[in-house]
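One-letter residues, chain by chain:
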Amino acid sequence: MGAYRGRFAPSPTGDLHFGSLVAALGSWLFARHAGGQWLLRVEDLDPPREVAGAADRQLAALAAFGLVSDAPVLRQSTRDAHYRSALESLLASGRAFECHCSRSDLAATGGIHRQCVAGARRRDPSIRLGVPTGTRLAFDDAVQGRVVQRVDREVGDFVLRRADGYWAYQLAVVVDDAAQVITDVVRGADLLDSVPRQVLLQRALGLPTPRYAHLPLVVDAHGRKLSKSLATLPVDGRAPLPALRAAWQVLGQVPLRLSGAAPVSKWLHAAVDGFDPARIPSGPQPLPTAGVSA
Ligand code: GLU
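In this report, we go over the structure that sits alongside the text. (Residues numbered from 1 in each chain as written. Predicted model: local features only at pLDDT ≥ 70, side-chain atom pairs only at ≥ 80, totals over all residues. Heavy atoms only, no water.)

Brief notes about the site of the ligand
Just so we agree on the cut-off: When at least one non-hydrogen atom of a residue lies within 4 Å of a molecule or strand, that residue is treated as near it. Under the rule applied, a polar contact is a pair of N or O atoms within 3.5 Å (in protein, one hydrogen donor and one hydrogen acceptor; residues adjacent in sequence only if both atoms are side-chain atoms). Note on areas: Shrake-Rupley, 1.4 Å probe, and residue coverage restricted to the protein chains presented here. Polarity classes work like this: nonpolar for Ala, Val, Leu, Ile, Met, Phe, Trp, Tyr, Cys and Pro, charged for Asp, Glu, Lys and Arg, and polar for all others, with Gly in that last group.
If you check the shell around the ligand, you find Arg-7, Ala-9, Pro-10, Ser-11, Glu-43, Tyr-169, Val-173, Arg-187 and Leu-191 and nothing else. A distance of 2.7 Å separates an oxygen atom of the ligand from a polar side-chain atom of Arg-7. When isolated, the ligand has an accessible area of 300 Å², and the protein chains bury 77% of it. Within the shell around the ligand, the residues separate by chemical class into five nonpolar, one polar and three charged.

Overview of the packing of helix H8 (residues 240–250) against helix H9 (residues 264–274)
Stated formally: Lines fitted to C-alpha atoms define the axes, with helix axes restricted to the stretch in contact, and inter-axis angles between N-to-C directions lie between 0 and 180 degrees. Secondary structure counts use DSSP, requiring at least four H or I residues in a row for a helix and at least two E residues in a row for a strand, with both numbered from the N terminus. Our angle categories are set so that under 35 degrees counts as roughly parallel, over 145 as roughly antiparallel, 65 to 115 as roughly perpendicular, and the remainder as oblique. In this scheme the crossing of two helices becomes right-handed for a clockwise turn of the near helix relative to the far one and left-handed for an anticlockwise turn of less than a right angle. Whether two residues are in contact is decided by their heavy atoms: any pair within 4.5 Å suffices.
Running from N to C, H8 and H9 cross one another at 15 degrees; their axes reach a closest spacing of 10 Å. Viewed along their axes, H8 and H9 adopt a mutual orientation that is roughly parallel. In this structure, the crossing between H8 and H9 has a hand that is right-handed. Residues Pro-240, Leu-241, Leu-244, Arg-245 and Trp-248 of H8 lie in contact with H9, whose contacting residues are Val-264, Trp-267, Ala-271 and Gly-274. When the residues that make up the contact of H8 with H9 are grouped by side-chain class, the tally is seven nonpolar, one polar and one charged.

Structural notes on the pairing of strand S5 (residues 126–129)
Here is the rule: Type-normalised accessible area, obtained with a 1.4 Å probe on protein chains alone, sets the label of each residue: buried when under 20%, exposed when over 50%, and partly exposed for intermediate values. By the convention used here, strands pair only if DSSP detects at least 2 bridges between them.
The alternating pattern of S5 places Ser-126 and Arg-128 and Ile-127 and Leu-129 on opposite faces, both of which are buried. Bridge count for strand S4 (residues 96–99) against S5 is four bridges, and the pairing is antiparallel. Within S5, the position partnered with Cys-99 by the bridge is Ser-126. Inspection of the sheet shows S5 paired to strand S8 (residues 158–161) by three bridges, in the antiparallel sense. Its bridge partner lying in S8, Leu-129 is registered against Phe-158.

A closer look at the pattern of salt bridges
A side chain of one charge can pair with a side chain of the opposite charge if their charged atoms are brought near each other. Counted only if it meets this: For this document, the term salt bridge refers to a Lys or Arg side-chain nitrogen within 4 Å of an Asp or Glu carboxyl oxygen.
Applying the stated criterion to the full structure yields 15 salt bridges. Among the ionic pairs, Asp-177 bridges to Arg-7, the shortest N-O distance being 2.9 Å. One end of the pair, Asp-177, is in helix H5 (residues 169–179); the other, Arg-7, is in strand S1 (residues 5–8), with 170 residues separating them in the sequence. As far as the burial class goes, Asp-177 and Arg-7 line up, both buried. Two residues, Arg-32 and Asp-70, come together in a salt bridge whose shortest N-O distance is 3.0 Å. Within this pair, whereas Arg-32 is found in helix H1 (residues 18–33), its partner Asp-70 is found in the loop between helix H2 (54–64) and strand S3 (74–75), the two being separated by 38 residues in sequence. Looking at Arg-32, the relative accessible area reads 25%, which means it is partly exposed.

Quick word on the packing of aromatic side chains
Test applied: Note on aromatic contacts: the rings of Phe and Tyr and the six-membered ring of Trp form a pair at centre separations within 6.5 Å, being stacked when their planes are under 30 degrees apart, edge-to-face when over 60 apart, and tilted otherwise.
Counting across every chain of the model gives four aromatic pairs. Here the aromatic rings of Tyr-83 and Trp-167 are separated by 5.8 Å at their centres, their planes lie at 65 degrees, and the arrangement is edge-to-face. Taken together, the residues span a long stretch of sequence, with Tyr-83 in helix H3 (residues 80–92) and Trp-167 in the loop between S8 and H5 at a distance of 84 residues. Trp-167 matches Tyr-83 in its accessibility class, with the two residues each being buried. Here the aromatic rings of Phe-139 and Tyr-212 are separated by 6.1 Å at their centres, their planes lie at 65 degrees, and the arrangement is edge-to-face. Of the two residues, Phe-139 is situated in strand S6 (residues 136–141) and Tyr-212 in strand S10 (residues 211–215); the sequence distance between them amounts to 73 residues. Taken individually, Phe-139 and Tyr-212 each receive the classification buried, so the pair is uniform in this respect.

A closer look at the sheet that holds S8
In space, the three strands of this open sheet follow the order S4-S5-S8, with antiparallel pairing throughout. With partners counted over all chains shown, the strands left at the sheet margins are S4 and S8, one partner each. The mean angle between the axes of side-by-side strands here comes to 45 degrees, regardless of whether they run parallel or antiparallel.

Section: the pairing of strand S9 (residues 184–188)
The buried fraction of S9 amounts to five of the five residues, a majority that puts the element mostly inside the structure. One ladder, built from five bridges, connects S9 with S10; its direction is parallel. Of the residues in S10, the one forming a bridge with Arg-187 is His-214.

Next up, the structure:
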């Protein structure tokens, strides 16, 4: 694998929130610690869920935290032709197939698709990747350790292009991680169970598999995943240090000895020097009380 290239790939469904800041800072620290590059990608694949102006506000917030892409930001809304050609090659090789099943058709199998059971043909079928029976995928995550998934039983044949015509995240992320020559994917642990699907797609498309590290999720005082209101709580880019310190704490790092008035660039520099990936906890972490106003 070539020189380290990491990335952060937010979906523009709202302002940058604290959980995203942890993923952004974590992926940036891994990249800088390895002397590598860090790239940004806007995952604007899903217009119905997109919030107008959110992508630009997220990028501006990241810049206020000193986190700036080393290459032009890639926007998935401009990548249609690339997803189309990947899909065509999967259809041509017989790995992907048209599917007329609706959500209710699949209710009996808990939403897992193993064979088409469509009650009716749809005008706009979805396209799925076929997952052969017995498909088991194992990988070593740098934070979460060994992960094993029986993809056929736990996920089933999965969607590459939705019935509404939009591209599925799994296809786009694999095409774009390869296009951006990403060697290391560092992101929140909520995406851990997507890795086997992404590896299957990489193999089917003849693309390299990056290394993976999944960062702890942030939970509330009761150990629940942050509620929508807390999760979407914007972090304040005008006073970046408290939020950066709080994200650093979630990443299990030893507090930096820097005055509260240090500029962000100085804080980030010290953070790269002090960063120890082995200290990152795998399990959910409480929302720090300081640095994130609730
Ligand atoms: N766009 C996804 C999100 O905001 C992240 C995808 C990824 O990092 O692979 O949750």
